[in-house]
Amino acid sequence: MMTANASTSRTPALAPTEKPGKFSRMDFKRWQQKMFFYLTTSCLQKFIKEDVPDLPDETLENENFLVIEAWKHSDFLCRNYILSGLEDNLYNVYSSVETSKELWNALERKYKTEDAGMKKFVAAKFLDYKMVDSKSFITQVQELQVIIHDLLTEGLVINEAFQVAAIIEKLPPLWKDFKNYLKHKRKEIKQSH
């Protein structure tokens, strides 16, 4: 029978969190943080930094076997959680990597350096974005909000006047009259200040 003291002295295990979405070559830092948190809730995060344990020579053979097999099992789980967090074509590229640590490091080498070029990519995405008449206006506004959020996340601050002017220019073609109205309205507002 367990006493009250025994039950309170144990550290509660973290409940696994929702598995992060698939990494698709966009925003590696965000995906990596979510995956690390997921691995942490599964108590597997140490395997992204650890190699197979190197036990002292005096370790009994059967103990050595059990420790190595337990490590391999947990590393297998960790590696496959990471792999299952990659979109299919990335899964195919990285599925041959043997350990969680090697996989984590390979992804970091490849995509952390690509994140450095992310500012240029996000800026270009914002500048190139054009709304269309064939798609829901609300959906397009939400897409634009995500792009602006990504700009801010990358440290690219856009002053409000530029944001407003850019968004007006991105309105769909059928909104031409409204675009002109907003442009003239902005001029009136500026002149009244």
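None of these values were measured; they are calculated from a predicted model. (Residues numbered from 1 in each chain as written. Predicted model: local features only at pLDDT ≥ 70, side-chain atom pairs only at ≥ 80, totals over all residues. Heavy atoms only, no water.)

Caption draft 1: How the structure looks around the overall build of the protein chain. Within the protein chain, the regular secondary structure consists of 9 helices and 0 strands. Burial status across the protein chain gives 28% buried among its 193 residues. When the accessible surface of the protein chain is split by element, carbon and sulfur atoms take 57% of a total near 13300 Å². (Helix = DSSP H or I, 4+ residues; strand = E, 2+ residues; numbered from the N terminus. Buried < 20%, exposed > 50% of the residue type's maximum accessible area, 1.4 Å probe, protein only. Areas by Shrake-Rupley, 256 points an atom, 1.4 Å probe, with all protein chains shown as cover.)

Caption draft 2: Representation of the packing of helix α2 (residues 28-41) against helix α3 (residues 61-84) in the model. The interhelical angle for the contact between α2 and α3, taken along N-to-C directions, is 145°, at an axis separation of 11 Å. The handedness of the crossing between α2 and α3 is right-handed. Across the interface between the two elements, W31, M35, Y38 and L39 of α2 pack against C78, Y81 and I82 of α3. Partitioning the contact of α2 with α3 into residue classes produces 7 nonpolar, no polar and no charged. (Axes fitted to C-alpha atoms, helices over the stretch in contact; angles between N-to-C directions. Left-handed = near helix turned anticlockwise from the far one by under 90°. Contact = heavy atoms within 4.5 Å. Nonpolar A, V, L, I, M, F, W, Y, C, P; charged D, E, K, R; others polar.)

Caption draft 3: A look at the side chain of D75. Residue position: D75 is located in helix α3. Of the side chains bearing the opposite charge, R79 lies closest to the buried D75, which forms no salt bridge; the N-O distance is 6.2 Å. Setting aside chain neighbours within four positions, we find D75 in contact with F47, E98, T99, S100 and K101. (Lys, Arg positive; Asp, Glu negative; His and termini not counted. Salt bridge = Lys/Arg side-chain N within 4 Å of Asp/Glu carboxyl O.)

Caption draft 4: Representation of the nonpolar core within the structure. Grouped together as the largest cluster of nonpolar side chains are 22 residues, with contacts concentrated most on W31, L39, I82, L86, Y94 and L107. Counting residues per element, the ones that place at least two in this core are α2, α3, α4 (88-94) and α5 (100-116). The contact partners of L39, leaving out residues within four places of it in the chain, are L44, Q45, I48, C78, Y81, I82 and W104. Of all hydrophobic cores here, the second largest spans 12 residues; its members include M118, I147, I148 and L171. (Core = buried A, V, L, I, M, F, W, Y, C linked by side-chain atoms within 4.5 Å.)

Caption draft 5: Summary view of α2. Along its 14 residues, α2 runs 20 Å from first to last C-alpha, staying within 8% of the 20 Å computed at 1.5 Å per residue. When we look at burial in α2, the residues that qualify are F28, W31, Q32, M35, Y38, L39 and T41. (Expected span 1.5 Å × (residues − 1).)

Caption draft 6: Fine view of helix α7 (residues 137-153). Helix length check: α7 (17 residues) gives 24 Å between terminal C-alpha atoms against 24 Å at 1.5 Å per residue, within 8%. N-capping of α7 is provided by S136, with a side-chain oxygen placed 3.4 Å from the backbone N of I138. One or two residues past the end of α7 sits G155, with phi positive at roughly 85°. (Polar contact = N/O pair within 3.5 Å; in protein donor to acceptor, adjacent residues only side chain to side chain.)

Caption draft 7: Region of interest: the environment of L182. Counting through the fold element by element, L182 comes out in helix α9 (residues 176-192). Assessed through its relative accessible area of 21%, L182 is described here as partly exposed. L182 sits 14 residues away from I168 along the chain, and the two C-alpha atoms are 7.4 Å apart. Dropping the residues within four chain positions of it, L182 is found in contact with I168 and L171.

Caption draft 8: A look at the packing of aromatic side chains. For the coordinates displayed, the defined rule picks out 11 aromatic pairs. Look at W175 and F178: their rings are 5.8 Å apart centre to centre, the planes differ by 70°, and that puts the pair in the edge-to-face class. Residue class for F178 comes out partly exposed when judged on its relative accessible area of 38%. Each residue in the set F23, F28, W31, W104 and Y111 is aromatic and connected to the rest through ring pairs, giving one cluster. One Lys or Arg, K110, reaches over the ring of Y111 and ends 6.0 Å from the middle of that ring. When the ring centre of F126 is taken as origin, the NZ or CZ atom of K170, which lies over that ring, is 4.9 Å away. (Phe/Tyr/Trp six-rings, centres within 6.5 Å; stacked < 30°, edge-to-face > 60°. Lys NZ or Arg CZ within 6 Å of the ring centre and 35° of its normal.)

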